[in-house]
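# Analysis of the macromolecular model
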Amino acid sequence: MSNWWKKAVIYQVYPASFQDSDNDGIGDLKGITSRLDYIKKLGVDIVWLSPIYKSPQVDNGYDISDYQAINPTFGDMAAFDELLHKAHTLGLKVMMDLVVNHTSDEHKWFQESRKGKDNPYRDYYIWRDGRNGEDPNNWGSFFMGPAWKYDEESDQYYLHLFAPQQPDLNWENPNVRHSVYDMMNWWADKGVDGFRMDVINYISKPDGLPDGEKGPHEKYANPEPLVANGHRIHEFLQEMHQNVMAKHDLVTVGETPGVNISEAQKYANFDGKELNMVFQFEHMGLDGSDNPTLGRWGDRKASLKGLRANLTKWQKALAGKAWNSLYWDNHDQPRVVSRFGDDSTEQNRVLSAKMLATMLHMQQGTPYVFEGEEIGMTNAYFPSIDDYVDIDAINAYHQFVEEMHLVDSKDMIKYLGLHSRDNARTPMQWNDQKNAGFSQHQPWEHMNPNYRSVNVEQALAGPNSVFYYYQKLIDLRHTLPVITDGVYNLVADNENDDKVYAFTRKNADTTLLVVLNYTAEKLERHYQIPVDAKLLISNYTDDMGDSLRPYEAKVYQY
Ligand code: ISL
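Only a predicted model underlies this, so the values are computations on that prediction, with no experimental measurement involved.

### Overview of the domain arrangement of the chain
- Under the domain assignment, the chain is made up of domain 1 (4-100 + 175-379 + 449-468), domain 2 (108-159) and domain 3 (486-557).
- The centre of domain 2, based on its C-alpha atoms, is set 55 Å off from the matching centre of domain 3.

Right under this line is the structure:
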């Protein structure tokens, strides 16, 4: 199989929030199809669609009730076929979201499974007897509360690492695995080009489902250390590879929270037996709270030192062995310009969005752009809990403010403004008209109020916009091999610089020097470059040599 995906850039669409074509306030497939020309203009190669399958939408489609049907709010299979056809006509590939750690509780497998212990589908899910009249073990759900739900009829509990409406599939059962492979082959035969695999490293649970470790004030243990990268995970993925990926030319990326370097080297190894790449989460955990119970719900910012050390570690450790995926934003993360950049003024928003784009797009791996990132969309900073719709935000608010009294409401609203997944899910900002051109109807998720000044129409009209900067970065990746294959090194002594990040990429004939001012300050730094070095890209229109302006980003080529 070819390695075409190594040079590719992937654009993630969150269907409910991209473009509404039928004015019900929810984005849909026809809306996406109508915007494929825009995506093409950016220059990306692949469009990843977050789940569009039939779903009761308890977790916005990550709770699937039919893997082979389209959710009616998004359209129907004919609309999907049209989307796929138009994408292919434009030379865009389409990557589907594969959510197979769990299904919806409305999936027919679960409907059967819960009918009783003798049902042939019982073992499709993870059912256990209680322990002294309580949950089978002490695991908590990632969406708060216990990870078990009691079923009165059969007097057993089923496991749900996420919402109770998202029962975990039992991957120990070969029928489950082969049902999943059949479904994947069905989509691949239809012509889709790849899969992004939701929490795929959680599918192999530990034998005996032992208790996890929990803090003194915690009611439930975090199951992640026990369920992430479980003992049969590589066997399962290799089996999936033999049954699906080996038969089609697909691009695959595993979403793998809790992945470390040595596991990533196995998942995304160049021997090609499992996945092409994985999403690591370490750089997403650098900010948040110092209190482990609160996790990401805090206002500690990430330092440049921490960020650089982490990115550098992944660049170095996977080089020559496995492939990195590069991302700042997705539908679960706050907006990068608000998180690692500076959205306090229009000028700083634009400069820091470009600086962060340079940091990411000059690294080795496959970059991901999440809808709106390419125009520098920011967090929404909603003022009230009533503005939030995500189950994760609402549950966290109830738990930490109302149940545990660990945080007061005002602070929690601030933390939600910084970290809620809703920040990523506010509708795409197309223009400065009603609901930003997303829909004529009140959108399912509030608009970010800044759409009047931050929108696609404006970005396309301004040659210095964030959009055209992304377009140029993407084009450079396609035309300059060193961005794909160059060796990554930090510039000497840069690891101690808490304001500037400087690294090189080098192959046999080209060197790139990337210099990034992470601050709003004017700084002086001297880096040695040949006199004939060319300024390849920069977020300022001129070059002041050793003087770095606020958030200045520049790449020299020699
Ligand atoms: O969203 C999170 C907090 O940032 C994560 O803990 C997230 O739940 C985790 O990364 C798994 O995410 C994926 O699976 C979830 C779904 O809610 C997310 O949207 C999806 O990306 C369950 O399917």
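### Focus on unusual backbone geometry
- Phi is positive for asparagine 60, which is not a glycine, with a value near 50 degrees.
- Considering the arrangement of structural elements, one finds asparagine 60 in the loop between strand S3 (53-54) and strand S4 (66-70).
- Not every positive phi belongs to a glycine, and leucine 209 is a case in point at roughly 40 degrees.
- Within the secondary structure, leucine 209 sits in the loop between strand S9 (194-197) and helix H6 (224-227).
- Assessed through its relative accessible area of 7%, leucine 209 is described here as buried.

### Details of the site of the ligand
- Surrounding the ligand, one finds 17 residues, the nearest of these being Asp59, His102, Asp198, His331 and Asp332.
- A distance of 3.0 Å is found between an oxygen atom of the ligand and a side-chain nitrogen or oxygen belonging to glutamate 255.
- In the model, an oxygen atom of the ligand is placed 2.9 Å from a nitrogen or oxygen of the arginine 421 side chain.
- Here the ligand, which alone exposes 500 Å², has 90% of that area covered by the protein.
- Within the shell around the ligand, the residues separate by chemical class into five nonpolar, four polar and eight charged.

### Details of helix H11 (residues 346-361)
- In this model, H11 (16 residues) spans 22 Å end to end at C-alpha, consistent with the 22 Å of a helix rising 1.5 Å per residue.
- The buried count for H11 comes to 14 of 16 residues, which makes it a mostly enclosed element.

### What about the environment of leucine 84?
- Summarising the element assignment, leucine 84 is placed in helix H3 (residues 77-89).
- A relative accessible area of 5% places leucine 84 in the buried class.
- Expressed as a C-alpha distance, the spacing of leucine 84 and glycine 191, which sit 107 residues apart in the sequence, is 7.8 Å.
- Setting aside anything within four residues of it in sequence, one finds leucine 84 in contact with Val94, Lys190, Gly191 and Val192.

### Describing the UniProt feature "domain: Glycosyl hydrolase family 13 catalytic" (unreviewed entry) in the chain
- Taken from the UniProt record, the annotation "domain: Glycosyl hydrolase family 13 catalytic" (unreviewed entry) applies to residues 12-425.
- A helix fraction of 32% and a strand fraction of 12% characterise residues 12-425, whose end C-alpha atoms lie 12 Å from each other.

### Here we look at the packing of helix H5 (residues 174-190) against helix H7 (residues 233-243)
- Where H5 meets H7, the closest approach of the two axes is 10 Å, and the angle between their N-to-C directions is 40 degrees. Compared by their axis directions, H5 and H7 come out oblique. Where H5 crosses over H7, the two elements pack in a sense that is right-handed. Each of Arg177, His178, Tyr181, Met184 and Asn185 in H5 lies in contact with H7, whose residues at this interface are Phe236, Glu239, Met240 and Asn243.
- Counted by class, the contact of H5 with H7 contains four nonpolar, three polar and two charged residues.

### With respect to the pattern of salt bridges
- Inspection of the entire model under this criterion finds 29 salt bridges.
- One salt bridge in this structure joins aspartate 81 and lysine 190, with 2.6 Å as the shortest N-O distance. Of this pair, aspartate 81 sits in helix H3 while lysine 190 sits in helix H5; the two residues are 109 residues apart in sequence, bridging distant segments of the chain.
- What makes aspartate 81 partly exposed here is its relative accessible area of 34%.
- Assessed through its relative accessible area of 24%, lysine 190 is described here as partly exposed.
- Across the salt bridge formed by aspartate 211 and arginine 131, the nearest N and O atoms sit 3.2 Å from each other. On the criterion of sequence distance, the pair formed by aspartate 211 in the loop between S9 and H6 and arginine 131 in the loop between strand S6 (127-128) and strand S7 (148-151) is long-range, its members being 80 residues apart.
- Connected through shared salt-bridge partners, Asp59, Arg296, Asp332, Asp390, Asp392, Arg421 and Arg425 make up one network.

### Regarding the packing of aromatic side chains
- Tallied over the full model, the rule gives 33 aromatic pairs.
- Relative to tyrosine 327, the ring of phenylalanine 281 has its centre 6.4 Å away and its plane inclined at 65 degrees; by these criteria the two rings are edge-to-face. Taken together, the residues span a long stretch of sequence, with phenylalanine 281 in the loop between strand S11 (277-279) and helix H9 (304-318) and tyrosine 327 in the loop between strand S12 (325-326) and helix H10 (336-339) at a distance of 46 residues.
- Seen from their ring centres, tyrosine 501 and phenylalanine 503 are 5.1 Å apart, and the 50 degrees between their planes marks the pair as tilted.
- Here the basic side chain of lysine 6 rests over the ring of phenylalanine 270, its NZ or CZ set 4.0 Å away from the ring centre.
- Across the ring face of tryptophan 4, the terminal group of lysine 93 is positioned such that the distance to the ring centre comes to 4.5 Å.

### Describing empty space enclosed by the protein
- One pass over the full model with this rule turns up three cavities of 30 Å³ or more.
- The space that makes up the largest cavity amounts to roughly 90 Å³.
- As for the largest cavity, its lining consists of Gln280, His283, Leu311, Trp314, Gln315, Asn324, Ser325, Leu326, Tyr327, Leu360 and Gln363.
- Broken down by secondary-structure element, the contributors of at least two residues to the lining of the largest cavity are H9 and S12.
- Counted by class, the lining of the largest cavity contains five nonpolar, six polar and no charged residues.

### Side note on the packing of H3 against H5
- Between H3 and H5, whose axes approach to 11 Å, the crossing angle comes to 55 degrees. Looking at the two axes, H3 sits oblique to H5. Across the interface between the two elements, Met77, Phe80, Asp81 and Leu84 of H3 pack against Trp186, Trp187 and Lys190 of H5.
- Residue classes in the contact of H3 with H5 are distributed as five nonpolar, no polar and two charged.

### Description of H5
- Taking 1.5 Å as the rise per residue, H5 with 17 residues should run 24 Å; its terminal C-alpha atoms sit 24 Å apart, in good agreement.
- Where H5 is concerned, the buried positions are Val176, Arg177, Ser179, Val180, Tyr181, Met183, Met184, Asn185, Trp187 and Ala188.
- Measuring from the backbone nitrogen of asparagine 175 back to the side-chain oxygen at the start of H5 gives 2.8 Å, which picks out asparagine 173 as the cap.
- Where H5 ends, the next residue or the one after it, glycine 191, has phi of about 115 degrees, a positive value.

### Examining the sheet that holds strand S1 (residues 10-13)
- Across the sheet, which stays open at both edges, the eight strands sit in the order S11-S10-S9-S5-S2-S1-S13-S12 with parallel pairing between neighbours. Single-partner strands in this sheet number two, and they are S11 and S12.
- Against the sheet, H3 contacts strand S2 (46-49) and strand S5 (93-98), and its axis sits at roughly 140 degrees relative to S5.

Conventions and cut-offs
Residues numbered from 1 in each chain as written. Predicted model: local features only at pLDDT ≥ 70, side-chain atom pairs only at ≥ 80, totals over all residues. Heavy atoms only, no water. Domains from an automatic or database assignment. Helix = DSSP H or I, 4+ residues; strand = E, 2+ residues; numbered from the N terminus. Buried < 20%, exposed > 50% of the residue type's maximum accessible area, 1.4 Å probe, protein only. Near = heavy atom within 4 Å. Polar contact = N/O pair within 3.5 Å; in protein donor to acceptor, adjacent residues only side chain to side chain. Areas by Shrake-Rupley, 256 points an atom, 1.4 Å probe, with all protein chains shown as cover. Nonpolar A, V, L, I, M, F, W, Y, C, P; charged D, E, K, R; others polar. Expected span 1.5 Å × (residues − 1). Contact = heavy atoms within 4.5 Å. UniProt positions renumbered as here; feature names shortened; annotations may be inferred. Axes fitted to C-alpha atoms, helices over the stretch in contact; angles between N-to-C directions. Parallel < 35°, antiparallel > 145°, perpendicular 65-115°, else oblique. Left-handed = near helix turned anticlockwise from the far one by under 90°. Salt bridge = Lys/Arg side-chain N within 4 Å of Asp/Glu carboxyl O. Phe/Tyr/Trp six-rings, centres within 6.5 Å; stacked < 30°, edge-to-face > 60°. Lys NZ or Arg CZ within 6 Å of the ring centre and 35° of its normal. 1 Å grid on protein atoms, 1.4 Å probe; cavity = no way out; pocket = protein on both sides within 12 Å on 5 of 7 lines; lining within 4 Å. Points joined across faces, edges and corners; volume = space filled by probe spheres on them. Pairing = 2+ DSSP bridges.

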